[in-house]
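# Structure at a glance
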Amino acid sequence: QVQLVESGGGLVQAGGSLRLSCAASGRTFSSYAMGWFRQAPGKEREFVAAITGSGRRTDYTDSVTGRFTISRDNAKNTVYLQMNSLKPEDTAVYYCAASNTILQVTTDRLVDYWGQGTQVTVSS
């Protein structure tokens, strides 16, 4: 079992930055691919970013490429999402996710573990 706890959400003006963190329980954190999803009001949850267990490979949805960066610190059992140049359309609840492979962690129905979510609101 893996428990995921997100933090770092909040209210920011358009053009600003936030860094989300996701702390994971368990002693096998480095064996999991980690990801971030988001869900805006009235919309389905969508994939945002993912990273392999080693951290050597990352993947992003097109709308955040060049603005968001996913990273991880396996010594701290933590994955991060650095969000720059934020836009009002980035407003959503952001969820941390864990699965065995990066392919799985980019696909909502294949995610093994979810965090509880953290709200990000970008004002115009």
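Note that this is a predicted model, so its numbers are computed, not measured.

Time to look at the sheet that holds strand 3 (residues 18-24). Pairing in this open sheet of 4 strands is antiparallel, and the strands run 1-3-8-7 from one edge to the other. Of all the strands in the sheet, just strand 1 (4-7) and strand 7 (68-73) have a single pairing partner and so form its edges. Across the sheet, the mean angle from the axis of one strand to that of its neighbour is 15°, orientation sign disregarded. Relative to strand 8 (residues 78-83), strand 3 is paired through 6 bridges, and the arrangement is antiparallel. Among the inter-strand pairings, Arg19 is bridged to a residue of strand 8, identified as Gln82.

Looking now at the pairing of strand 8. For strand 8, the buried fraction is high: 5 of the 6 residues fall into the buried class. In this structure, strand 7 lies alongside strand 8, joined through 6 bridges in antiparallel fashion. Across the sheet, the residue bridging to Phe68 is Met83, located in strand 8. The turn linking strand 7 back onto strand 8 is made up of 4 residues, and Asn77 within it adopts a positive phi angle of 55°.

Enumeration according to the criterion identifies 4 salt bridges in this entry. For the salt bridge of Asp108 with Arg45, the shortest nitrogen-to-oxygen distance reads 2.9 Å. In this pair, Asp108 is assigned in the loop between helix 1 (102-105) and strand 10 (113-114) and Arg45 in the loop between strand 4 (33-39) and strand 5 (46-51), connecting sequence segments 63 residues apart. Classification of Asp108 as partly exposed rests on a relative accessible area of 29%. Between Arg67 and Asp90 there is a salt bridge, with its nearest N and O atoms 2.8 Å apart. Taken together, the residues Arg67 in the loop between strand 6 (58-60) and strand 7 and Asp90 in the loop between strand 8 and strand 9 (92-99) connect sequence positions 23 residues apart. The class of Arg67 is buried, set by a relative accessible area of 11%. Connected via shared salt-bridge partners are Arg38, Glu46, Arg67 and Asp90.

About the thresholds
- Residues numbered from 1 in each chain as written.
- Predicted model: local features only at pLDDT ≥ 70, side-chain atom pairs only at ≥ 80, totals over all residues.
- Heavy atoms only, no water.
- Pairing = 2+ DSSP bridges.
- Helix = DSSP H or I, 4+ residues; strand = E, 2+ residues; numbered from the N terminus.
- Axes fitted to C-alpha atoms, helices over the stretch in contact; angles between N-to-C directions.
- Buried < 20%, exposed > 50% of the residue type's maximum accessible area, 1.4 Å probe, protein only.
- Salt bridge = Lys/Arg side-chain N within 4 Å of Asp/Glu carboxyl O.

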